[in-house]
Amino acid sequence: MSRSDVLVDADWVEAHIGEPGVVLVEVDEDTSAYDKGHIPTAVKVDWKKDLQDPVRRDFVDKTGFEALLSARGISNEDTVVLYGGNNNWFAAYAYWYFKLYGHQHIKLLDGGRKKWELDSRELSTDVPERAKSSYTAQEQNSDLRALRDEVLAAIGKRNLVDVRSPDEFAGRLLAPAHLPQEQAQRAGHIPTARNVPWSKAANEDGTFKSDDDLRALYESEAGLDFGKDTIAYCRIGERSAHTWFVLHELLDLANVKNYDGSWTEYGSLVGVPIELGEAR
Amino acid sequence: MSADGCGAPAGGAAVPAGAGDQAVVEGRVLHDGAPVGTGYARLLGTGDEFVAEVPLAGDGGFRFFAAPGSWTLRVLAPGGLRAERVVDAGYGQVTKVEVTI
């Protein structure tokens, strides 16, 4: 797998707008951004309403995912190009999620919505009408997703990468600094985790850094053992999906999982070990 | 913004009621006297360490909930427009800053 297999730039997207077999999908948590203007022909996926089970804390099941993609007119053969706000956090999450359910042809727009906006490229408020498809998903690929017991068993054995900000890692903040610090669960990080904030993997315009820079960041600077399996986590699993994309898709490391339960789950578990303080 | 989400809404999340313990940095971005409705505000720590980023609201507004301390606020907008300000945040305070680019 190479960078060109999983990442496209804005020029590529502009050249393929409206092309049969290519579906642009904007993924956000706050979908007012899509409603204000989106890349022409892009359809919308709401990270919360469309991808999360409305009752349990879990994903929509296989049937629900099939219904979602069918309703959006996405077929199994389509190349899906994902992009979104927040430096592609939710688009990277959707990329990981689509992979989890076995979608084959999928790419991320490098820089996402931010790069597109800063380039002053065209945005449209027209909502495309796509004919419904009949999508068939695979069973979830458990090689990509870590659950809590696996994370506990990985302490001191596998690479654990905490991709939150240093203040969240150290326990000074419970949420990213664009959100109120409202939660009641314990602060800190999973013992033995390395702190490599997701933002270190991105340039200011939201594009990913070069493969050489990324390899140096995780291997030389953070001290990850690329020979070991890796689990990435953040607060709810979307920033760590960004890092999962870097490690698994761009750097082509085997056995990288995203722990989507992340700190909102781990920091609320009774009796589990927690460390406070700066990265070592 | 509820605890089950993590995204940055345009302009930043609303200040919750009774949030006297928050260290808020908020303001507006202007260009030629008019609000900049498309762009990004980022909060940076020591050594330009990224802390947070929000897309600007339609009125050019932004808001952060920082830890107490000194921060760099950087604004990016289409056309290569950018500006920086140093801001101080403290618990129970709302630090207001207007940025002209």
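Residues numbered from 1 in each chain as written. Chains lettered and ligands numbered in written order. Predicted model: local features only at pLDDT ≥ 70, side-chain atom pairs only at ≥ 80, totals over all residues.

Before going further, it helps to examine the overall build of chain B. A count of helices and strands for chain B gives 0 helices and 8 strands. Reading chain B from its N end, one meets helices and strands in the order β-β-β-β-β-β-β-β. For chain B, the C-alpha radius of gyration of 13 Å lies close to 13 Å, the compact-globule estimate for 101 residues. Considered along the principal axes of its C-alpha atoms, chain B spans approximately 35 × 30 × 20 Å. Counting only residues that meet the buried cut, chain B has 42% of its 101 residues in that class. For chain B, contacts bridging at least 24 residues in sequence account for 57% of all contacts bridging at least 6. (Helix = DSSP H or I, 4+ residues; strand = E, 2+ residues; numbered from the N terminus. Rg over C-alpha atoms; globule rule 2.2 N^0.38 Å. Buried ≥ 20, exposed ≤ 12 C-beta atoms within 10 Å, placed from the backbone. Contact = placed C-beta atoms within 7 Å.)

Our next topic: the overall build of chain A. Within chain A, the regular secondary structure consists of 11 helices and 9 strands. A compact globule built from 280 residues would reach a C-alpha radius of gyration of about 19 Å, and chain A, at 18 Å, matches this within 12%. Dimensions along the principal axes, computed over C-alpha positions, put chain A at roughly 50 × 40 × 35 Å. Across the 280 residues that make up chain A, the buried fraction comes to 48%. A sequence separation of at least 24 residues applies to 75% of the contacts in chain A between residues at least 6 apart.

All right, on to the sheet that holds strand S3 (residues 40–44) of chain B then. Residues and elements named next belong to chain B. Here we have 4 strands laid out as an open sheet, ordered S4-S3-S6-S7, and antiparallel in their pairing. Both edges of this open sheet fall to strand S4 (50–55) and strand S7 (81–89), since each of them pairs with a single strand only. This sheet shows a mean twist of 20 degrees between the axes of neighbouring strands, independent of strand direction. Bridge analysis of S3 against strand S6 (residues 69–77) gives 5 bridges, and the strand direction is antiparallel. By the bridge assignment for S6, Tyr40 is matched with Leu76. (Pairing = 2+ DSSP bridges. Axes fitted to C-alpha atoms, helices over the stretch in contact; angles between N-to-C directions.)

Below, the discussion takes up the interface of chain B and chain A. In this assembly, 31 residues from chain B lie in contact with 33 residues from chain A. Elements supplying a minimum of two residues to the side of chain B that touches chain A: S3, S4 and strand S5 (61–66) of chain B. If you tally residues by element for the side of chain B that touches chain A, the top one is S4 of chain B, at 6 residues. Looking at side-chain class alone, the side of chain B that touches chain A contains 22 nonpolar, 6 polar and 3 charged residues. (Nonpolar A, V, L, I, M, F, W, Y, C, P; charged D, E, K, R; others polar.)

What follows covers the sheet that holds strand S9 (residues 256–259) of chain A. Residues and elements named next belong to chain A. Taken in spatial order, the 4 strands line up as S7-S6-S8-S9 in an open sheet, and their pairing is parallel. The two strands at the open ends of the sheet, each matched to only one other strand, are strand S7 (194–195) and S9. In this structure, strand S6 (residues 159–162) lies alongside strand S8 (residues 230–233), joined through 4 bridges in parallel fashion. What sits directly across from Leu160, in S8, is Ile231. The sheet strands contacting helix H10 (residues 239–250) are S6, S8 and S9, and the helix crosses S9 at an angle near 175 degrees.

Residues and elements named next belong to chain A. Under the domain assignment used here, chain A contains domain 1 (3–118) and domain 2 (148–266). Relative to domain 2, the C-alpha centre of domain 1 lies at a distance of 22 Å. Facing the 18 residues of domain 1 at the interface are 16 residues of domain 2. Secondary-structure elements contributing two or more residues to the side of domain 1 that touches domain 2 are helix H1 (3–6), helix H5 (85–100) and helix H6 (112–118). By residue number, the principal contributor to the side of domain 1 that touches domain 2 is H5, which donates 8 residues. Within the side of domain 1 that touches domain 2, the residues separate by chemical class into 10 nonpolar, 4 polar and 4 charged. (Domains from an automatic or database assignment.)

Residues and elements named next belong to chain A. Counted residue by residue, strand S2 (residues 22–28) has 6 buried out of 7 residues, so it is predominantly covered. Note that S2 and strand S4 (residues 79–83) share 5 bridges and pair parallel. Within S4, the residue paired with Val25 across the bridge is Leu82. Pairing geometry for S2 and strand S3 (residues 43–46), over 4 bridges, is parallel.

Counting residues in hydrophobic clusters, the biggest one holds 68 residues, and the most contacted among them are Val25, Leu82, Ala94 and Tyr95 of chain A. With 11 residues, the single largest contributor to this core is H5 of chain A. Two domains each donate at least three residues to this core, and these are domain 1 (3–118) and domain 2 (148–266) of chain A. Listed in part, the 33 residues of the second largest apolar core include Ala175 of chain A together with Ala52, Trp71 and Val75 of chain B. (Core = buried A, V, L, I, M, F, W, Y, C linked by C-beta atoms within 7 Å.)

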